[in-house]
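Remarks on the overall topology
Below, each chain spelled out in residue letters.
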Amino acid sequence: MIIRTSVAALLMSGAASLLALPALAQGTIKIGVNQPLTGPVAASGQYVTNGARIAADQINAAGGILGSKIELVIEDNKSNPTEAAAAAEKLIVRDKVPVMLGAWSSTFTLAVMPKLMEYEVPMVVETSSSGKITESGNPWIFRIAPTTSMETKDFAKKIDKFAIKRANFLVVNNDFGIDAATKFSELVKSHGGTVGVVERMDPTAQDVSAQLAKIKASDADTLFITTSVEQLTLVLRQAQALRLTQRIITTGGSQAPDQLIEHAGPAAEGSYHLVFFTPWFPENAPNADVAVGLVNEWKKRGYQFAGLTEGFRGYDGILTIAAAIKEAGKAEPKAIQQAFWKVKVKGANGDIAFEKSGPAGKESGQNVPNVYVIQIKDGKVTLPAF
Amino acid sequence: MDQLSQHLTNALVLGGTYALLGIGLTLIFGIMRVVNFTHGELYTFGAYMTFFAVSVAGANFFLALALATLVGVLLGAAIEVVLLRPLRSSDIDTTMIVMIGAWIAMQNGEQLIWGGVAKSIPTPFPTAPLVVGPVSVDWLRIFVFTAAILLIIGAHSLIHHTRFGRAMRATFADRDTAALMGINIGLVHTATFALGSGLAAAAGALLGPVFVVTATMGNLIALKAFAIVILGGLGNFTGAAIGGFILAFVEELGAGYISSGYRDAMGFLLIILVLMFRPTGLFRRAERIS
Amino acid sequence: MRALAPLAGLAALLAVPLVVTDQYALHILITTGIFIIAAMSLNLLLGYTGQLSLGHIGFFGIGAYVSALCSLGFQLEFTDRLVLTVAPKPVWLSFVIAVATAALFGFLIGKLSFKVRGAYFVIVTLSFAEVARLVALNWVSLTQGPMALNNIPPFTLGLSDAWQLTFYRKLPNYFLMIAIGAGAYLLIARLVRSRLGRAMVALKENESLATSVGIDVTRYLVLAAVVSAGIAGAAGSFYAHYVRIIDPDIFLFIYTVTMVIMIVTGGKGTLLGPIVGGILFGFIPPVLREVAGPELQWIIYGLIMIVVVFFLPEGIVPAVTRAWAARRGRAATASARSPAGS
């Protein structure tokens with residue numbers, strides 16, 4: 001059992017300090033990584049962590065930063081918000097990391113944010129898309145992932161090609177899913193369509209046939225789905241079993257299309273997906289050399305290819321953090337926070353730089369990344385005809 | 001109307017596996033009076049064994065199911081001999097703590113071996129569903145339902161129409177008399193626990209391919225199995241089977257027409273209601289204050 | 001001499017921060033302490049009345065949620081017209097409301113579930129906690145569901161805005177935990193040594209006999225459930241204001257399991273049992289951490305549970321007391337403890 005108690009987790013991970021001080025490697029710069037490595041969204045968290053490891057190894061192989069090697073301190077947030085906050089507390093208080101990467105889901109990131117304010121440590125947000133994160137006035141947040149609004153703005157350029165008259169929504173019952181349902185509903189309405197049913201599912205739910213039966217009963221041409229790849233696999237399979245004929249478009253960039261093809265097979269056929277990295281055609285990426293380098297190293301290490309659509313986030317996140325530490329000239333939280341505003345990084349997704357977002361005086365940093373639409377066709381990932 | 005028939009079909013298919021879980025647990029919890037927290041782990045174990053046999057060892061899907069069930073039986077027997085036999089005269093709390101310890105150790109064992117990422121089991125069934133009028137069902141689910149029903153019938157005949165079944169019923173009705181009659185009490189206990197465990201492993205093996213396999217998949221299922229046993233009345237075999245179907249119908253219709261979020265709560269609310277108005281369970285006289 | 005021992009223990013606990021200055025270690029001590037308090041409250045039911053309540057985390061979680069919601073303020077929409085708005089309350093008041101609500105639930109669940117015994121009782125209590133979790137998960141407009149209640153204010157004590165003490169840091173929270181723990185300990189100790197406590201033990205030993213000599217069984221059981229739930233609610237409330245974020249997973253069954261383990265290892269039906277068991281199971285994991293990965297630690301943890309039950313079925317405290325008494329050449333006194341089992 002994964003004992004998901006912060007108490008238990010803290011006992012396990014932390015009380016060691018009562019007994020013995022861990023042997024600290026001298027002269028390394030620590031970076032905290034707060035990801036879901038177990039639980040319902042474990043696959044995604046592990047992919048992000050793999051990407052982060054590749055970036056750290058590449059930086060270290062090139063001599064590190066400021067003459068020191070970087071060391072990733074990786075904590076499992078167990079796919080749970082309270083655990084995410086506890087992991088952040090542990091990274092900051094016990095491991096004394098000056099900067100962190102995390103925490104995958106919007107819900108986990110929002111849970112961590114008060115800790116950043118309390119201890120004044122910056123964090124690069126690699127995945128979470130909820131608008132709240134960068135609009136709540138937390139100056140320790142620097143997000144490289146797109147917000148749901150950015151995703152809809154990008155999708156707005158293509159939506160007329162889909163000619164959506166009526167859309168249904170099936171979203172995961174958390175910040176990520178609810179935000180997506182709201183923003184994409186607005187988009188559909190503003191392009192002359194109507195919204196049918198909006199169904200929610202628990203992040204850990206495995207059987208969604210009841211929701212799908214309702215969706216099937218509502219006559220619409222398109223179904224938007226927002227969740228992580230594990231649940232999406234089950235949704236697609238069950239949708240096929242119910243002969244749901246609505247066109248499926250998934251949002252959020254956490255769909256790992258290759259994993260869908262492998263696990264959902266024909267059920268994934270014809271579905272459209274909004275992704276933020278296209279490892280199938282890395283040479284088309286804005287920074288082709290970086291993207292190709294990442295894809296090659298990923299394959300060399302034998303990681304699952306499907307994970308690259310998540311893995312690039314960890315990779316870009318660590319590149320960004322390393323650039324900020326270098327810019328700051330020292331591994332201290334405040335200096336790194338200031339340095340984030342100045343960094344310009346060539347990442348796998350594209351060029352990374354932070355714009356101010358949120359209430360004046362305590363802005364968060366927000367990057368404007370690229371968004372792509374792909375389609376699964378004949379068991380392969382393709383760029384849609386338009 | 002179409003939606004209703006679809007919900008009813010879904011519930012029927014789900015009910016088969018719930019019934020399977022329920023009868024396995026009623027043997028252990030109802031008859032042996034062991035609050036068996038490893039039941040969910042046997043379920044998980046069955047699913048991982050199927051995954052291992054199919055995806056790693058490359059075995060035939062049906063052979064893998066049989067193997068997983070068999071290994072479940074053996075594991076159940078081992079648990080009984082090692083953990084429960086020395087504690088046979090202890091009270092219900094003591095054995096419960098031991099079973100919780102075993103549950104923690106087993107679940108983390110699975111986690112250690114297979115990692116945190118969910119596994120998916122490929123099946124030989126066509127992905128296009130069977131369509132009958134307004135209703136469509138996955139072939140895989142039809143197979144799962146049929147297999148579950150066959151296992152339930154098999155277990156029922158084993159208990160009611162064989163010498164072993166008689167010995168088992170005699171043992172748990174009156175242990176001393178059974179011992180005097182020359183029944184090997186130890187063997188009956190082991191066999192009963194193994195049978196219950198085998199049924200749990202079979203349920204896991206069957207549902208594993210329908211959903212995905214994770215180390216924690218057994219947690220909620222174990223709680224539901226307890227609910228099914230109570231619904232049917234402790235130790236009531238037929239009651240547990242019916243209880244499984246009732247739970248499935250309540251969950252599916254509740255999810256369809258009340259709220260999909262409260263799907264899993266339906267069963268527990270049902271238990272509380274049943275025990276409020278009929279503290280004996282639906283089908284049997286209860287254990288009351290002496 | 002006997003009366004001085006608890007005082008000496010309290011003094012030792014108060015002195016801990018003099019030795020342990022590491023903030024993270026203090027954090028561990030506080031969270032462990034909260035769970036020991038919850039385990040102490042469960043011990044009242046499990047150890048003294050012999051009722052195996054597996055839904056105890058339900059009271060802890062209700063305490064946490066009620067306290068968090070009161071201190072944050074909330075809105076209940078019954079219909080469009082009928083809206084109940086509750087403005088944020090001071091934390092101490094939220095704490096009191098949380099304790100009262102948890103106790104009320106103790107009363108209701110007690111009334112309902114003491115109709116049945118044994119395995120049925122186990123399942124009713126377990127279902128209660130699970131329903132509570134699913135309500136917290138799905139009543140998104142109130143509880144934020146899986147998004148968690150965040151930014152819960154820390155504990156504040158004070159008469160007015162000018163005279164306020166806010167518990168942000170670890171050290172004051174540690175002392176507050178000790179204060180709540182000591183209060184719970186005193187309450188339980190007084191209760192079990194009263195007439196009521198003797199009645200509880202009597203009905204645990206032999207319920208039919210207790211009934212026949214005129215003990216109103218259900219009334220005593222319900223009373224025990226009320227006190228027990230109230231203390232668990234207090235622990236839950238303190239937990240919410242200490243970690244300052246709670247989500248529906250607070251209701252997970254495993255937390256109840258953790259409490260049961262603490263009680264059984266330490267010794268059911270002894271005042272010190274949950275404390276000894278709690279400290280032990282608070283410290284085994286960090287020791288293991290030095291030698292093993294997380295899964296392996298839990299495997300060993302599970303095995304230790306089994307071994308303890310096999311070799312120390314009554315728990316540590318009764319075993320040690322007996323060994324001590326035997327060494328002093330006296331028969332073990334029967335007060336303050338009872339034989340294992342029910």
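Here the structure is a predicted model, which is why all the values come from computation and not from measurement. (Residues numbered from 1 in each chain as written. Chains lettered and ligands numbered in written order. Predicted model: local features only at pLDDT ≥ 70, side-chain atom pairs only at ≥ 80, totals over all residues. Heavy atoms only, no water.)

1. Digging into the overall build of chain B
As a reminder of what qualifies: Comment: elements are numbered from the N terminus, with helices defined as DSSP H or I runs of at least four residues and strands as E runs of at least two. A radius of gyration in this sense is built from C-alpha atoms; the matching globule rule multiplies 2.2 Å by the number of residues raised to 0.38. Relative accessibility decides the category of a residue: with a 1.4 Å probe and only protein chains considered, values under 20% of the type maximum give buried, values over 50% give exposed, and everything between is partly exposed. We call two residues in contact when some of their heavy atoms are within 4.5 Å.
From N to C terminus, chain B includes 11 helices and 2 strands. Counted from the first residue to the last, chain B has its helices and strands arranged as α-α-α-α-β-β-α-α-α-α-α-α-α. Since a compact globule built from 290 residues should have a radius of gyration of about 19 Å, the 19 Å found for chain B is in line with a globular shape. With respect to the principal axes defined by its C-alpha atoms, chain B has extents near 60 × 50 × 35 Å. Looking at chain B as a whole, 62% of its 290 residues are labelled buried. Taking all contacts inside chain B whose residues are at least 6 apart in sequence as the whole, residues at least 24 apart take part in 77%.

2. Points about a nonpolar patch on the surface
Formally: A patch consists of residues exposed above 30% relative accessible area that lack any salt bridge, with like charges linked at up to 9 Å and nonpolar side chains (Val, Leu, Ile, Met, Phe, Trp, Tyr) linked at up to 5 Å. Only the protein chains shown count as cover for residues, and the accessible areas themselves come from Shrake-Rupley with a 1.4 Å probe. By definition here, a salt bridge exists when the distance from a side-chain nitrogen of Lys or Arg to a carboxyl oxygen of Asp or Glu is within 4 Å.
Together, Leu 112 and Ile 113 of chain B together with Leu 296 of chain C give the surface a local cluster of nonpolar side chains, amounting to about 290 Å² of exposed area. For Leu 112 of chain B, the position within the fold is in helix H4 (residues 92–114).

3. Observations concerning the interface of chain B and chain C
What counts is decided by this rule: Two parts placed together each lose some accessible area under a 1.4 Å probe, and adding up what both lose gives the buried area. Two N or O atoms count as a polar contact when they lie within 3.5 Å, although within protein this holds only if one can serve as hydrogen donor and the other as acceptor, and sequence-adjacent residues are included solely when both atoms are side-chain atoms. Under the scheme applied here, ten amino acids are nonpolar (Ala, Val, Leu, Ile, Met, Phe, Trp, Tyr, Cys and Pro), four are charged (Asp, Glu, Lys and Arg), and all others, including Gly, are polar.
The partner chain C presents 44 residues to the 46 residues of chain B that form the contact. Here chain B and chain C share an interface that buries about 4,000 Å² over both sides, 78% of which is from carbon and sulfur atoms. For the pair chain B and chain C, the number of links is 0 salt bridges. Counting across the interface, chain B meets chain C through 0 residue pairs in polar contact (both at pLDDT 80 or more). Secondary-structure elements contributing two or more residues to the side of chain B that touches chain C are helix H3 (61–84), H4, helix H9 (218–232) and helix H11 (263–277) of chain B. Sorting elements by how many residues they give to the side of chain B that touches chain C places H4 of chain B first, with 15 residues. Along the lines of polarity and charge, the residues of the side of chain B that touches chain C split into 31 nonpolar, 10 polar and 5 charged.

4. Observations regarding the environment of Asp 249 of chain C
Mapping Asp 249 of chain C onto the fold places it in the loop between helix H10 (217–243) and helix H11 (253–266). Residues Asp 249 of chain C and Ala 136 of chain C, spaced 113 residues apart in sequence, show a C-alpha to C-alpha distance of 8.9 Å.

5. Quick look at helix H8 (residues 185–207) of chain B
Residues and elements named next belong to chain B. Here is the rule we go by: Expected span of a helix, by definition, is 1.5 Å for each gap between consecutive residues, and there is one gap fewer than residues.
With 23 residues, H8 extends 33 Å from end C-alpha to end C-alpha; this agrees with the ideal 33 Å at 1.5 Å per step. Summarising burial for H8: 21 of the 23 residues are buried, a large majority. Between the side-chain oxygen of the N-cap and the backbone nitrogen of Gly 186 there are 3.3 Å, and the N-cap of H8 in question is Asn 184.

6. Describing the side chain of Thr 171 of chain B
If you trace the backbone, Thr 171 of chain B turns up in helix H6 (residues 163–173). Ignoring sequence-local partners within four residues, the contact set of Thr 171 of chain B consists of Ala 178, Ile 183, Ile 185, Val 188 and His 189 of chain B.

7. So, the pattern of salt bridges
Counted under the stated rule, the structure contains 21 salt bridges over all chains. The salt bridge partner of Lys 300 of chain A is Glu 297 of chain A, with a shortest N-O separation of 3.6 Å. Remark: Glu 297 of chain A and Lys 300 of chain A occur in helix H13 (residues 288–300); sequence separation between them is 3 residues, near one turn of the helix. Classification of Glu 297 of chain A as buried rests on a relative accessible area of 17%. With a shortest N-O distance of 3.1 Å, Glu 80 of chain B and Arg 88 of chain B are connected by a salt bridge. Overall, Glu 80 of chain B belongs to the buried group, its relative accessible area being 1%.

8. Observations regarding the sheet that holds strand S6 (residues 166–172) of chain A
All names here are of chain A. Counted only if it meets this: For two strands to be treated as a pair, DSSP must find at least two bridges joining them. Axes, fitted as lines to C-alpha atoms, cover a helix only where it is in contact. Angles between the N-to-C directions of the axes lie from 0 to 180 degrees.
Reading across the sheet, the 7 strands line up as S7-S6-S8-S9-S10-S15-S16 and stay open at both edges, with mixed pairing between neighbours. Of all the strands in the sheet, the pair left with one neighbour each is strand S7 (194–201) and strand S16 (380–382). The mean inter-strand angle of the sheet, taken between neighbouring strand axes irrespective of direction, is 25°. Inspection of the sheet shows strand S9 (residues 247–250) paired to strand S10 (residues 272–275) by 2 bridges, in the parallel sense.

9. Brief notes about the interface of chain B and chain A
Taken together, the 33 residues of chain B in the interface contact 28 residues of chain A. Counting each side, the surface lost to burial between chain B and chain A is near 2,500 Å², with a carbon and sulfur contribution of 53%. Together, Val 117, Thr 127 and Phe 211 of chain B form the three largest contributors to the area buried by chain B at its contact with chain A, with a combined 19%. Viewed at the interface, chain A and chain B are joined by 1 salt bridge. Between Asp 207 of chain A and Arg 141 of chain B there is a salt bridge whose closest N-O contact spans 4.0 Å. The tally of links between chain B and chain A comes to 4 residue pairs in polar contact (both at pLDDT 80 or more). Only helix H1 (2–31), H4, strand S2 (135–137) and helix H10 (237–257) of chain B provide two or more residues apiece to the side of chain B that touches chain A. Residue composition of the side of chain B that touches chain A, grouped by class: 14 nonpolar, 15 polar and 4 charged.

10. Some details on the environment of Thr 32 of chain C
Residue and element names in this part refer to chain C. Relative to the assigned elements, Thr 32 resides in helix H2 (residues 23–49). Thr 32 sits in the buried class, given a relative accessible area of 7%. For the pair Thr 32 and Leu 223, spaced 191 residues apart in sequence, the C-alpha separation works out to 27 Å. A polar side-chain atom of Thr 32 sits 2.6 Å from the main-chain carbonyl oxygen of Ile 28.

11. Structural notes on the sheet that holds strand S2 (residues 69–76) of chain A
Residue and element names in this part refer to chain A. One open sheet holds the 7 strands; their spatial order is S2-S1-S3-S4-S5-S14-S13, and the pairing between them is mixed. Of all the strands in the sheet, the pair left with one neighbour each is S2 and strand S13 (355–357). Averaged over neighbouring strand pairs, the angle between their axes works out to 25° when direction is ignored. Where strand S5 (residues 141–143) meets strand S14 (residues 364–366), 2 bridges bridge the pair, whose relative direction is parallel. In the sheet register, Phe 142 faces S14, and the bridge partner there is Gly 365.

12. Focus: unusual backbone geometry
Residue and element names in this part refer to chain A. Cis peptide bonds are those with omega within 30 degrees of zero, and the linkage from Gly 102 to Ala 103 qualifies with -10°. A positive phi angle, near 55°, is found at Lys 96, a position not held by glycine. You can see Lys 96 is positioned in the loop between helix H4 (81–94) and strand S3 (100–102). Here the phi dihedral of Ala 163 falls at roughly 45°; this positive angle occurs in a residue that is not glycine. As for its placement among the helices and strands, Ala 163 is situated in the loop between helix H8 (159–162) and S6. The class for Ala 163 is partly exposed, based on a relative accessible area of 49%.

13. Overview of the side chain of Asn 77 of chain A
Residues and elements named next belong to chain A. Tracing the sequence through the fold places Asn 77 in the loop between S2 and H4. The exposure class of Asn 77 is buried, given its relative accessible area of 0%. Among residues more than four places away in sequence, those in contact with Asn 77 are Asn 34, Gln 35, Pro 36, Glu 83, Ala 84, Ala 103 and Phe 108.

14. Some thoughts on the nonpolar core
In a soluble, globular protein the nonpolar side chains are often hidden away together inside. Filter applied, for reference: Within this scheme, the nonpolar core is defined by two criteria: the residues are buried Ala, Val, Leu, Ile, Met, Phe, Trp, Tyr or Cys, and they are joined through side-chain atoms within 4.5 Å.
Counting 208 residues, the largest nonpolar core has Phe 29 and Phe 37 of chain B as its most contacted members. Considering every element that reaches this core, the biggest residue donor is H10 of chain C, with 17 residues. Every residue in contact with Phe 37 of chain B, bar those within four places of it in the chain, is listed here: Met 96, Met 99, Ile 100, Trp 103 and Phe 226 of chain B together with Leu 54 and Phe 253 of chain C. Counting 45 residues, the second largest nonpolar core, distinct from the first, contains Ala 43, Ile 65, Phe 312 and Ala 322 of chain A.

15. Here we look at the packing of H1 of chain B against H8 of chain B
Residues and elements named next belong to chain B. Put simply, the rule is: Angles are sorted into four bins: roughly parallel if under 35 degrees, roughly antiparallel if over 145, roughly perpendicular if 65 to 115, and oblique for all others. By convention, the crossing between two helices is left-handed when the near helix turns anticlockwise from the far helix through less than a right angle, and right-handed when the turn is clockwise.
The interhelical angle for the contact between H1 and H8, taken along N-to-C directions, is 160°, at an axis separation of 8 Å. Of the possible angle classes, the one that applies to H1 and H8 is roughly antiparallel. Between H1 and H8 the crossing geometry is left-handed. Judged by residue contacts, Thr 17, Leu 20, Leu 21, Ile 23, Gly 24, Leu 27 and Ile 28 of H1 engage Thr 192, Phe 193, Leu 195, Gly 196, Ser 197, Leu 199, Ala 202, Ala 203, Leu 206 and Leu 207 from H8.

16. Here's the deal with H6 of chain B
Residues and elements named next belong to chain B. Note the threshold: Here the arc refers to the directions that run from the helix axis out to each C-beta atom.
By the burial criterion, the buried members of H6 are Gly 165, Ala 167, Met 168 and Thr 171. On an axial view of H6, the arc spanned by its buried residues comes to 160°, and they lie on one face. For H6, the exposed residues lying more than 90 degrees away from the buried face are Arg 163 and Ala 173. Summarising the contacts, the buried residues of H6 are in contact with H1, helix H5 (139–161), helix H7 (175–180) and H8.

17. Regarding the pairing of strand S2 (residues 83–86) of chain C
Along a regular strand, successive side chains alternate from one face of the sheet to the other. Residue and element names in this part refer to chain C. Sheet topology note: the strand S1 (residues 74–77)/S2 ladder contains 4 bridges and is antiparallel. What sits directly across from Leu 76, in S2, is Leu 84. Taking the residues that link successive antiparallel strands as the turn, the S1-S2 hairpin has 5 residues.

18. Describing the pairing of S7 of chain A
Residue and element names in this part refer to chain A. Worth spelling out the cut-off: Handedness of a crossover is defined as follows: orient the strands so they point away from the viewer, and if the path from the first strand over the helix to the second runs clockwise, the crossover is right-handed.
Bridging between S6 and S7 involves 6 bridges; their strand directions are parallel. Considered in S7, the bridge of Arg 166 is made with Thr 194. Chirality of the crossover, the property in question, places the unit of S6, helix H9 (residues 175–190) and S7 among those that are right-handed.

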